[in-house]
Amino acid sequence: MESNKTDKNEHGIANFMALETAIANNEEGLVKELLGNQAMQELEKSYLIDLAKLSSNITIKKLLENIPIKQSH
């Protein structure tokens, strides 16, 4: 069971890093694909929105703003 949780965390970290890179490179299609319909933590979402603001990409910023917030357990 523990291995599955670790694999999931590693996938999440890799996905987040890929999102950072896609945002920095203004790759709108890849950002949309990586986001899917998944919720994320508010802090992660806020960070990615700030990154999109630095890139001045309004489309990516809007995609990120529409991400649902993952509720804490």
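Being a predicted model, the structure only gives us computed values, none of them experimental.

1. Comments concerning the packing of helix α3 (residues 42-55) against helix α4 (residues 58-65)
Phase 1 of the analysis: Look at α3 against α4: their axes get within 8 Å of each other, and the N-to-C directions meet at 170°. Relative to α4, the element α3 lies roughly antiparallel. Judged by residue contacts, Lys45, Leu48, Ile49, Ala52 and Lys53 of α3 engage Ile60, Lys61, Leu64 and Glu65 from α4.
Phase 2 of the analysis: Grouping the constituent residues of the contact of α3 with α4 by class yields five nonpolar, no polar and four charged.

2. Brief notes about the side chain of Asn57
Phase 1 of the analysis: Along the polypeptide, Asn57 turns up in the loop between α3 and α4.
Phase 2 of the analysis: Assessed through its relative accessible area of 11%, Asn57 is described here as buried.
Phase 3 of the analysis: The contacts of Asn57, once residues within four sequence positions are left out, are Asn26, Glu28 and Ala52.

3. A short note on the nonpolar core
Phase 1 of the analysis: The biggest cluster of nonpolar side chains holds 15 residues, and the ones touching the most others in it are Leu19, Ile23, Val31, Leu35, Leu48 and Leu64.
Phase 2 of the analysis: Secondary-structure elements contributing two or more residues to this core are α1 (2-24), α2 (28-35), α3 and α4.
Phase 3 of the analysis: When sequence neighbours within four positions are dropped, the list of residues in contact with Leu35 reads Leu19, Met40, Leu63, Leu64 and Ile67.

4. Overview of the environment of Asn66
Phase 1 of the analysis: Along the chain, Asn66 turns up in the segment after α4.
Phase 2 of the analysis: Asn66 sits in the exposed class, given a relative accessible area of 64%.
Phase 3 of the analysis: Separated by 29 residues in sequence, Asn66 and Asn37 place their C-alpha atoms 9.7 Å apart.
Phase 4 of the analysis: At 3.1 Å, the side chain of Asn66 and the backbone oxygen of Lys62 are in polar contact.

Basis of the calculations
- Residues numbered from 1 in each chain as written.
- Predicted model: local features only at pLDDT ≥ 70, side-chain atom pairs only at ≥ 80, totals over all residues.
- Heavy atoms only, no water.
- Axes fitted to C-alpha atoms, helices over the stretch in contact; angles between N-to-C directions.
- Helix = DSSP H or I, 4+ residues; strand = E, 2+ residues; numbered from the N terminus.
- Parallel < 35°, antiparallel > 145°, perpendicular 65-115°, else oblique.
- Contact = heavy atoms within 4.5 Å.
- Nonpolar A, V, L, I, M, F, W, Y, C, P; charged D, E, K, R; others polar.
- Buried < 20%, exposed > 50% of the residue type's maximum accessible area, 1.4 Å probe, protein only.
- Core = buried A, V, L, I, M, F, W, Y, C linked by side-chain atoms within 4.5 Å.
- Polar contact = N/O pair within 3.5 Å; in protein donor to acceptor, adjacent residues only side chain to side chain.

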